[in-house]
Amino acid sequence: VQLQASGGGSVQDGESLRLSCTASVRITNYVMGWFRQAPGKEREFVAYIGWSSEKYADSVRDRFTISRDVAKNAVYLRMNSLKAEDTAVYYCAAGRRYSSGSSSYDLWGQGTEVTVSS
């Protein structure tokens, strides 16, 4: 397994969670991204981080923070002020380009489920 996501769970509206993605590949060689897929919807971009750039989807900007720990070879997604519409399976991914398109990412983790109850 090259990417392993964890940290999902069930929380109430307004609460926080931190997702983790541990990698068996060197994350400094990749742009690391988080995507999510809600039931019945397509997978959508959440955030990415690389050496020179990070980007967020409009729906999560100012609430979510992506970060990475090079020493631990891990990427994190801190999610604050969670809303019911954030409910989804969250996936970490690794790609070679700064892109919000899922097709630009070559490696995918198995997903971790986040449920937000209002």
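Everything in this summary refers to the structure shown in the same document.

Here is what the cut-offs are and how they apply
Throughout, a residue's number is its position along its own chain's written sequence, starting from 1. For a predicted model such as this one, the threshold for reporting local features is a pLDDT of at least 70, and the threshold for listing and counting side-chain atom pairs is 80 or more; totals across whole chains, interfaces and linings nevertheless cover every residue. In computing side-chain properties, one takes all heavy atoms of the structure into account and sets aside hydrogens as well as water. Working definition: helices are DSSP H or I runs of at least four residues, strands are E runs of at least two. Numbering for both runs from the N terminus. For this analysis, residues touch if any pair of their heavy atoms sits within 4.5 Å. Put simply, a nonpolar core is a bunch of buried Ala, Val, Leu, Ile, Met, Phe, Trp, Tyr and Cys residues held in one set by side-chain atoms that sit within 4.5 Å of each other. Whether a residue is buried, partly exposed or exposed follows from its accessible area with a 1.4 Å probe, protein chains only, as a fraction of its type maximum: under 20%, in between, or over 50%, in that order. Residues forming no salt bridge and having over 30% relative accessible area are the ones grouped into patches, like charges within 9 Å of each other and nonpolar side chains (Val, Leu, Ile, Met, Phe, Trp, Tyr) within 5 Å. For accessible areas, the Shrake-Rupley method is used with a probe of radius 1.4 Å. Any residue's cover is judged against the shown protein chains and nothing else. The term salt bridge refers to a side-chain nitrogen of Lys or Arg lying within 4 Å of a carboxyl oxygen of Asp or Glu. By the convention used here, strands pair only if DSSP detects at least 2 bridges between them. Geometry is summarised by axes, namely lines fitted to C-alpha atoms with helices restricted to the contacting stretch, and by angles between N-to-C directions that run from 0 to 180 degrees.

### A few points about the environment of serine 81
Within the fold, serine 81 resides in the loop between strand E8 (74-79) and strand E9 (88-95). As for serine 81 and arginine 63, which are separated by 18 residues in sequence, their C-alpha atoms are 6.2 Å apart. What serine 81 contacts, discounting residues up to four positions off in sequence, is Gly14, Glu15, Ser16, Arg63 and Asp86.

### Observations concerning the nonpolar core
Core analysis: the biggest nonpolar cluster contains 37 residues, and Leu3, Trp34, Leu77, Met79 and Tyr90 have the highest contact counts within it. For methionine 79, the contacting residues outside a window of four places in its chain are Glu15, Ser16, Leu17, Leu19, Arg63, Phe64, Tyr90 and Val114.

### As for a nonpolar patch on the surface
Residues Trp51, Val70 and Tyr98 make up a contiguous nonpolar surface patch of about 340 Å² in total accessible area. Residue placement: valine 70 occurs in the loop between strand E7 (64-69) and E8.

### With respect to the sheet that holds strand E3 (residues 17-23)
Ordered in space as E1-E3-E8-E7, the 4 strands form an open sheet in which the pairing is antiparallel. The open sheet has two edge strands with one neighbour each: strand E1 (3-6) and E7. Recorded for the sheet is a direction-independent mean angle of 15 degrees between the axes of neighbouring strands. The pairing of E7 with E8 spans 6 bridges and is antiparallel. Within the sheet, the bridge partner assigned to isoleucine 66 lies in E8 and is leucine 77.

### What about the pattern of salt bridges?
Tallied over the full model, the rule gives 4 salt bridges. As a salt-bridge pair, glutamate 44 and arginine 36 come within 2.6 Å of each other at their nearest N and O atoms. Arginine 36 is the salt-bridge partner of aspartate 86, the closest N and O atoms lying 2.9 Å from each other. On the criterion of sequence distance, the pair formed by aspartate 86 in the loop between E8 and E9 and arginine 36 in strand E4 (residues 31-37) is long-range, its members being 50 residues apart. With respect to class, aspartate 86 is no different from arginine 36; both count as buried. Through salt bridges with shared partners, one network takes in Arg36, Glu44, Arg63 and Asp86.

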